[in-house]
Every structure is written in C-alpha cells, then in structure tokens.
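# Examination of the molecular architecture
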Amino acid sequence: MATSTNLFEQIALDLQVHGVSIQSLDLQEPALLALSERLDILSQQDFHKAGIGRQEDHMKNEQVRRDKIHWLEASDPNEALFLTYMQDLKVYLNRRLFLGLFSYECHFAHYEPGAFYKKHLDAFKGEANRILSTVLYLNPDWQEGDGGELAIYDPNDSEQVLLIVPPSYGTLVTFLSDEFPHEVLPAKKARYSIAGWFRVNTSVAGNIDPPQ
Ligand code: OGA
Ligand code: MN
C-alpha cells in the first residue's frame, strides 16, 4: 500500500477536480504483473459474450458491444492480488473523498479485431449504485493506428470528446460512473482490459445488495 499512496492521492485529486483520472500504475506493481500472468493462463473458453444490463436480446447486444469477458474472483491468487489492490484504493478514496464505496467488481475484457463498445454510461442518475468506474489496460506495445482507444465525452455535451485514451499497458482510468459517456473505438488487434466498478451499499432490511 505504501508504494501506491502517491498514485492513490493523484487519483483522488483528479477525481476531486475533474471527475475523471488517467494515471499509470508502476509497471513493476505486483498486482499488475499478476494480471498479465493470469491472462497468459486464461484460455478463450474462460471468456464469454458480455451482455448489456439484464436484457437478453443478443441481436441488439451485438450492435452495442462485442467484447468477451471473464469476471475476477478472489479464489484465484493472481486475481485476488488485483482485487486487494483495488480494495486498498477503495479505502483510500473513501477516506479522502467520503464516497462511501462498499464493494468492487471487475472483469477482464477481450476485444477481438473489429470489436467495439458503443457510447454508453455505466450508471444512470437516481439508480446509481455504480459510483466509480475503473478501466486498466493490459496491452504492451499498443501503437498509434491500432485503434481501440477509450473516448470519454463531456458530461454537459455528449457529442463533445473530452479525452482519447490509448489502451496501453498499465494505464488506469477512473471516472464517475453516472457522469461520463464513453465508448471503445474499434480495435484493430486483440485488446485486453479490466473494467470494474465501485458500488455503494444499497442494502435494504438486512439483505446485502449487491452480494459480496
Ligand atoms: C465497459 C467499458 C471501457 C474499456 O466495460 O463498460 O466502458 O476501455 N470499458 O474497456
Ligand atoms: Mn463503460
């Protein structure tokens, strides 16, 4: 935790001022190395087509997003290392920004050549139990022209591009889930990321929701 304090503070400041943060993890960070190692072990069978919301309309889904995903679980030691790292970030941000973040969930995403994710919000105002979105990129040697950038749009004008982020190894993007429309531009080669969300606790009458 001690070594990541500077990074966590940068993220807190960015969020405080802009609502969005683009930082790079230390490339020797064990949690990052563990993810690369895990990705080498995972096979295509471990990834499944991602859905949108609860609807099961596969035709519509294909028009919106074409990535394949694998949820992280603490039972895998490499995945656990990253989940612990993000728990540390959660504790830090709660102390600094009083966000009341409760849980974190995330998945690997594999975009095959040509895959994309059309412009969307990760949460909607009013029903927003997803508070903060995170995306971490796992692509060494991503070149200009490889596509697959994350486009982040202006919360006040969703046609206006605010930021274009290449999905380069170690880049960590954090943003307010219900504020920033964003989009994954078509990737020209295989693109790997970890998309995740910090949520608040929406427990009612002793039922933990979301389940941990
Ligand atoms: C998502 C998402 C962005 C990315 O999965 O909701 O917006 O760059 N991912 O992978
Ligand atoms: Mn998203």
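Below is a summary of the structure that appears in this document. (Residues numbered from 1 in each chain as written. Chains lettered and ligands numbered in written order. Predicted model: local features only at pLDDT ≥ 70, side-chain atom pairs only at ≥ 80, totals over all residues. Heavy atoms only, no water.)

### A word on the site of ligand 1
The condition that has to hold: Residues are counted as near a molecule or strand when any one of their heavy atoms sits within 4 Å of it. The protein chains shown are the only cover counted for residues, whose accessible areas, like all others here, come from Shrake-Rupley with a 1.4 Å probe. Each helix is a run of H or I in the DSSP string that is no shorter than four residues. Each strand is a run of E no shorter than two, and both are numbered from the N terminus. The residue classification treats Ala, Val, Leu, Ile, Met, Phe, Trp, Tyr, Cys and Pro as nonpolar and Asp, Glu, Lys and Arg as charged. All others, Gly included, are polar.
Looking at ligand 1, there are 13 residues lining it, with His120, Tyr137, His182, Arg191 and Ser193 nearest. Relative to its unbound accessible surface of 290 Å², ligand 1 loses 98% to contact with the protein. Among the elements of the structure, strand E5 (117-120), strand E6 (130-137), strand E10 (182-184) and strand E11 (191-199) are those that each provide at least two residues to the shell around ligand 1. Of the residues that constitute the shell around ligand 1, the class distribution is eight nonpolar, three polar and two charged.

### Some details on the environment of Ala109
The criterion, for reference: Any two residues whose heavy atoms approach within 4.5 Å at even a single point are treated as in contact.
Along the polypeptide, Ala109 turns up in strand E4 (residues 103-111). C-alpha separation for the pair Ala109 and Lys68, spaced 41 residues apart in sequence, amounts to 5.5 Å. Those residues within four positions of Ala109 in sequence are excluded, and the remaining contacts are Phe47, Asp67, Lys68, Ile69, Arg191, Tyr192 and Ser193.

### Looking at the pairing of E11
Quick note on the threshold: Buried, partly exposed and exposed residues are distinguished by accessible area as a fraction of the type maximum, computed with a 1.4 Å probe on protein chains only: under 20%, between the cut-offs, and over 50%, respectively. The pairing criterion for strands is at least two bridges between them, as found by DSSP.
Burial within E11 is extensive, with nine of its nine residues counted as buried. Residue alternation in E11 divides its side chains into two sets, Arg191, Ser193, Ala195, Trp197 and Arg199 and Tyr192, Ile194, Gly196 and Phe198, and both sets are buried. Here E6 runs beside E11; their pairing, made up of seven bridges, is antiparallel. Bridge pairing in E11 places Leu136 opposite Ile194.

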